[in-house]
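Reading the structure
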Amino acid sequence: EVNVKRLNQYLFSEKKYISAPSGWTTKGKMEVQTRSNWLAELMMQGSGTCSSLSSLYIVLGQKRNIPIKPIILPGHVFVRIVYGKEVINIETTADGASLPNATYTAMYDRKLDEPYMRTLSLREYIGCLLSNQLGYDLAESLREKEAMASFNMAVRFFPRLPDVWQNKGILH
């Protein structure tokens with residue numbers, strides 16, 4: 001069994017990783033330090049977003065043979081460990097707090113359909129990163145051809161991801 005408390009202590013107390021400041025602007029757009037989305041930037045800066053912090057948990061889980069898996073919501077990602085019937089959600093932007101599913105679903109005023117709130121494969125998570133990070137970053141940098149290539153690759157990794165189809169439509 002994994003000692004989640006020890007893992008959190010290591011990441012947030014010993015290594016001093018923090019969640020990057022983010023929030024909604026007066027224009028209704030989420031403002032985040034874009035570069036903190038990436039695992040490499042988290043390692044260099046010590047602060048990251050839900051996706052870079054979740055990626056760190058996943059990598060550590062892979063290294064230690066701990067079944068840490070990604071879970072996505074619209075605009076958010078966290079991780080989950082499943083041991084038989086025991087499910088531990090880990091909110092990476094809250095120093096690894098364990099939150100019940102109801103906390104996440106209550107944040108949305110609509111029913112969360114597939115693929116949200118389910119454990120993803122690593123292949124699907126890579127599709128999310130290709131769409132919601134690389135493709136989005138490229139589109140924001142006006143590198144539209146490269147952004148579309150990233151979105152197309154994301155479709156190959158995770159064809160049922162609504163975000164990638166939305167991103168492709170906005171770019172097109």
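Whatever comes next refers back to the structure up there.
Residues numbered from 1 in each chain as written. Predicted model: local features only at pLDDT ≥ 70, side-chain atom pairs only at ≥ 80, totals over all residues. Heavy atoms only, no water.

**Some words on the sheet that holds strand 6 (residues 76–83)**
- Taken together, the three strands give an open sheet; going across it, the order is 5-6-7, and neighbouring strands pair in antiparallel fashion. At either end of the open sheet lies a strand with only one pairing partner, and these are strand 5 (68–73) and strand 7 (86–90). Each strand axis lies, on average, 35 degrees off the axis of its neighbour in the sheet, ignoring direction.
- With five bridges connecting them, strand 6 and strand 7 associate as antiparallel partners. The residue of strand 7 that forms the bridge with V82 is V87.
- Along the sheet, helix 3 (residues 50–64) makes contact with strand 5, strand 6 and strand 7, crossing strand 6 at roughly 25 degrees. (Pairing = 2+ DSSP bridges. Helix = DSSP H or I, 4+ residues; strand = E, 2+ residues; numbered from the N terminus. Axes fitted to C-alpha atoms, helices over the stretch in contact; angles between N-to-C directions. Contact = heavy atoms within 4.5 Å.)

**What to know about the packing of helix 1 (residues 4–14) against helix 3**
- Contact geometry of helix 1 with helix 3 gives a least axis separation of 12 Å together with a crossing angle of 130 degrees. Judged by the inter-axis angle, helix 1 sits oblique to helix 3. The two elements helix 1 and helix 3 meet at a crossing, and its hand is right-handed. Here L7, N8, L11 and F12 of helix 1 come into contact with helix 3, specifically with L53, L56, Y57 and L60.
- Broken down by class, the residue content of the contact of helix 1 with helix 3 amounts to seven nonpolar, one polar and no charged. (Parallel < 35°, antiparallel > 145°, perpendicular 65-115°, else oblique. Left-handed = near helix turned anticlockwise from the far one by under 90°. Nonpolar A, V, L, I, M, F, W, Y, C, P; charged D, E, K, R; others polar.)

**Section: the pairing of strand 5**
- Counting buried positions over the six residues of strand 5 gives five, a clear majority of the element.
- Sheet topology note: the strand 5/strand 6 ladder contains six bridges and is antiparallel. Following the sheet pairing, L73 is matched in strand 6 by H76.
- Linking two consecutive strands that pair antiparallel, namely strand 5 and strand 6, is a turn of two residues; a positive phi of about 80 degrees is found at G75 within it. (Buried < 20%, exposed > 50% of the residue type's maximum accessible area, 1.4 Å probe, protein only.)

**Side note on the side chain of D163**
- Position of D163 relative to the elements: it lies in helix 7 (residues 162–171).
- The buried category is assigned to D163, whose relative accessible area is 14%.

**Examining helix 7**
- Every buried residue belonging to helix 7 is among D163, V164, N167, K168 and L171, and all of these are buried. Along the axis of helix 7, the buried positions cluster into a sector of 135 degrees, meaning they face one direction only. Residues of helix 7 that are exposed and point more than 90 degrees away from the buried face comprise Q166, G169 and I170.
- Here the buried face of helix 7 lies against helix 5 (122–140) and helix 6 (144–157). (Arc of directions from axis to C-beta.)

**Looking at the packing of helix 6 against helix 7**
- Contact pair helix 6 / helix 7: the axes reach a minimum separation of 10 Å and the direction vectors enclose 155 degrees. Viewed along their axes, helix 6 and helix 7 adopt a mutual orientation that is roughly antiparallel. For the pair helix 6 and helix 7, the crossing hand works out as left-handed. In this structure, helix 6 contributes E144, A147, M148, F151, N152, A154 and V155 to the contact, and helix 7 contributes V164, W165, N167, K168 and L171.
- Classifying every residue of the contact of helix 6 with helix 7 by side-chain character gives eight nonpolar, two polar and two charged.

Everything listed here is a matter of coordinates, which is why it stays silent on function.
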